[in-house]
Structure formats: structure tokens, C-alpha cells
Amino acid sequence: QVQLAESGGGLVQAGGSLRLSCAASGSIDSYYRLAWLRQAPGKEREVVGYFMWSTGEITYADSLKGRFTISRDSAKNTVYLQMNSLKPEDTAIYSCAVARRYGDFFIPRLYEYWGQGTQVTVSS
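The sections below set out a description of the structure shown in this document. The residue numbers shown here count from 1 along each chain, following its written sequence. With pLDDT at 70 or above as the cut-off, local features in this predicted model cover only qualifying residues; side-chain atom pairs require 80 or more to be listed or tallied, and sums for whole chains, interfaces and linings still use all residues. Side-chain metrics rest on all non-hydrogen atoms present in the structure, leaving aside hydrogens and water.

Considering the pattern of salt bridges
Turning to step 1, where the next piece is worked out: Each salt bridge in this description consists of a side-chain nitrogen of Lys or Arg and a carboxyl oxygen of Asp or Glu lying within 4 Å of one another. Evaluation of the coordinates by the stated rule reveals 5 salt bridges.
Turning to step 2, where the next piece is worked out: Residue Arg 38 pairs with Glu 46 through a salt bridge whose shortest N-O separation is 2.6 Å.
Turning to step 3, where the next piece is worked out: For every residue, the accessible area obtained with a 1.4 Å probe (protein chains only) is divided by the maximum for its type, and the residue is called buried under 20%, exposed over 50%, and partly exposed between those limits. Classification of Glu 46 as partly exposed rests on a relative accessible area of 29%.
Turning to step 4, where the next piece is worked out: Note that Glu 112 and Arg 100 form a salt bridge whose closest N and O atoms lie 2.9 Å from each other. Of this pair, Glu 112 sits in the loop between strand S9 (92-99) and strand S10 (113-114) while Arg 100 sits in the loop between S9 and S10; the two residues are 12 residues apart in sequence, bridging distant segments of the chain. By definition, any uninterrupted DSSP run of H or I lasting at least four residues is a helix, any uninterrupted run of E lasting at least two residues is a strand, and each is numbered from the N terminus.

Shown next, in the form of C-alpha cells:
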């Protein structure tokens, strides 16, 4: 079992920055992938980026590359999503999730363990 808890969401003006945290606990095997995902109102959930727990190799969605950065504090078992130059269209519920199986890690249904999500609202 893996437990995930996000924090750090809130209201920010366009052009601003926000850092989200995902605290992970439980049994996390080295081959697991942890992803940040988001779901905007009326849209499908999408994967922002993911990394392999053992190597820390990170892969980003092409559309978000450059503005969003994923990082990890191994000592705290916490993963961060730094979001810069935020736009109103970045408004969404942001979640972290873990996949145990191998597959297309940009497909949200691959992920089995989820946090509760945190709301990010970007005002224009």
C-alpha cells in the first residue's frame, strides 16, 4: 500500500508561481512511477509528468515542459511540483499518483494509488 498526500494548492495570479508537495509513505518499490496529474473543469485528467522512483528520471508532458518542474526530496519521501508562469488555463485539481505496472505513463488509468488532490486556481 502507498499513501499519498498533496499540499500547497491555492489561489495565484497569472504569471505567478506555486509549489505543490506530495508526501509519500508506505511500501514504495524502486520500479514504481510517481506522477503529477491534473484535471481542469470540464476536461479529462492529464499527466503533467512522472518519474521513476529508483532513478529519479523525469519525463514531462511536452505541453508543460519548461514551466513545470518535478523534483524529489528523498530524505522526506516528498515529491514537488514547481509551477512557474502560471496561466488561468492551469486552473485544475492537481494530484499525485503511483503506478506499479509498466505501460504508457501518460495514461491516467495506469495509476493505482492516488492522493486526495489539491486545488490550484489561477486568476487573470
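Back to the write-up after that little detour.
What about unusual backbone geometry?
Most peptide bonds take the trans configuration, and most residues that are not glycine carry a negative phi.
Turning to step 1, where the next piece is worked out: Residue Asn 77 is not a glycine yet carries a positive backbone phi of 50°.
Turning to step 2, where the next piece is worked out: As for its position among the elements, Asn 77 is in the loop between strand S7 (68-73) and strand S8 (78-83).
Turning to step 3, where the next piece is worked out: Accessibility expressed as a relative area gives 28% for Asn 77, which makes it partly exposed.
Turning to step 4, where the next piece is worked out: Here the phi dihedral of Ser 85 falls at roughly 50°; this positive angle occurs in a residue that is not glycine.
Turning to step 5, where the next piece is worked out: Looking at where Ser 85 falls in the secondary structure, it is placed in the loop between S8 and S9.

Focus: the sheet that holds strand S3 (residues 18-26)
Turning to step 1, where the next piece is worked out: Two strands form a pair only when DSSP identifies at least two bridges running between them. Pairing within the open sheet is antiparallel, and its 4 strands lie in the order S1-S3-S8-S7. The open sheet has two edge strands with one neighbour each: strand S1 (2-7) and S7. Taken over all neighbouring pairs, the strand axes of this sheet differ in orientation by 20° on average, direction set aside.
Turning to step 2, where the next piece is worked out: Sheet analysis places S1 next to S3, joined by 6 bridges and oriented antiparallel. Within the sheet, the bridge partner assigned to Val 2 lies in S3 and is Gly 26. Fitted lines through C-alpha atoms give the axes, limited to the stretch in contact for helices. The angle between two N-to-C directions lies from 0 to 180 degrees.

Comments concerning the environment of Ser 7
Turning to step 1, where the next piece is worked out: Mapped onto the elements of the fold, Ser 7 is located in strand S1.
Turning to step 2, where the next piece is worked out: Taking the C-alpha atoms as reference points, Ser 7 and Ile 93, separated by 86 residues in sequence, lie 11 Å from one another.

Quick word on the packing of aromatic side chains
Turning to step 1, where the next piece is worked out: Ring geometry is summarised as follows: Phe, Tyr and Trp rings, the Trp one being its six-membered ring, pair when their centres sit within 6.5 Å, and such pairs are stacked at plane angles under 30 degrees, edge-to-face over 60 and tilted between the two. Overall, the coordinates contain 5 aromatic pairs when judged by the stated rule.
Turning to step 2, where the next piece is worked out: Relative to Tyr 32, the ring of Tyr 31 has its centre 5.1 Å away and its plane inclined at 90°; by these criteria the two rings are edge-to-face.
Turning to step 3, where the next piece is worked out: According to the relative accessible area criterion, Tyr 31 is partly exposed, its value standing at 41%.
Turning to step 4, where the next piece is worked out: Ring plane angle 70° and centroid distance 5.3 Å describe the contact between Tyr 50 and Phe 106, whose orientation is recorded as edge-to-face. Here Phe 106 lies in the loop between S9 and S10 and Tyr 50 lies in strand S5 (residues 46-52), a separation of 56 residues in the sequence.
Turning to step 5, where the next piece is worked out: Residue classification places Tyr 50 among the buried positions, given a relative accessible area of 14%.
Turning to step 6, where the next piece is worked out: A network of ring pairs unites the aromatic residues Tyr 50, Tyr 102, Phe 105 and Phe 106 as a single cluster.
Turning to step 7, where the next piece is worked out: Both a distance and an angle decide whether a charge sits over a ring: NZ of Lys or CZ of Arg must be within 6 Å of the ring centre and within 35 degrees of the ring normal. Positioned above the aromatic ring of Tyr 80 is the side chain of Arg 19, whose terminal nitrogen or guanidinium carbon lies 4.1 Å from the ring centre.
Turning to step 8, where the next piece is worked out: Positioned above the aromatic ring of Trp 53 is the side chain of Arg 72, whose terminal nitrogen or guanidinium carbon lies 5.0 Å from the ring centre.

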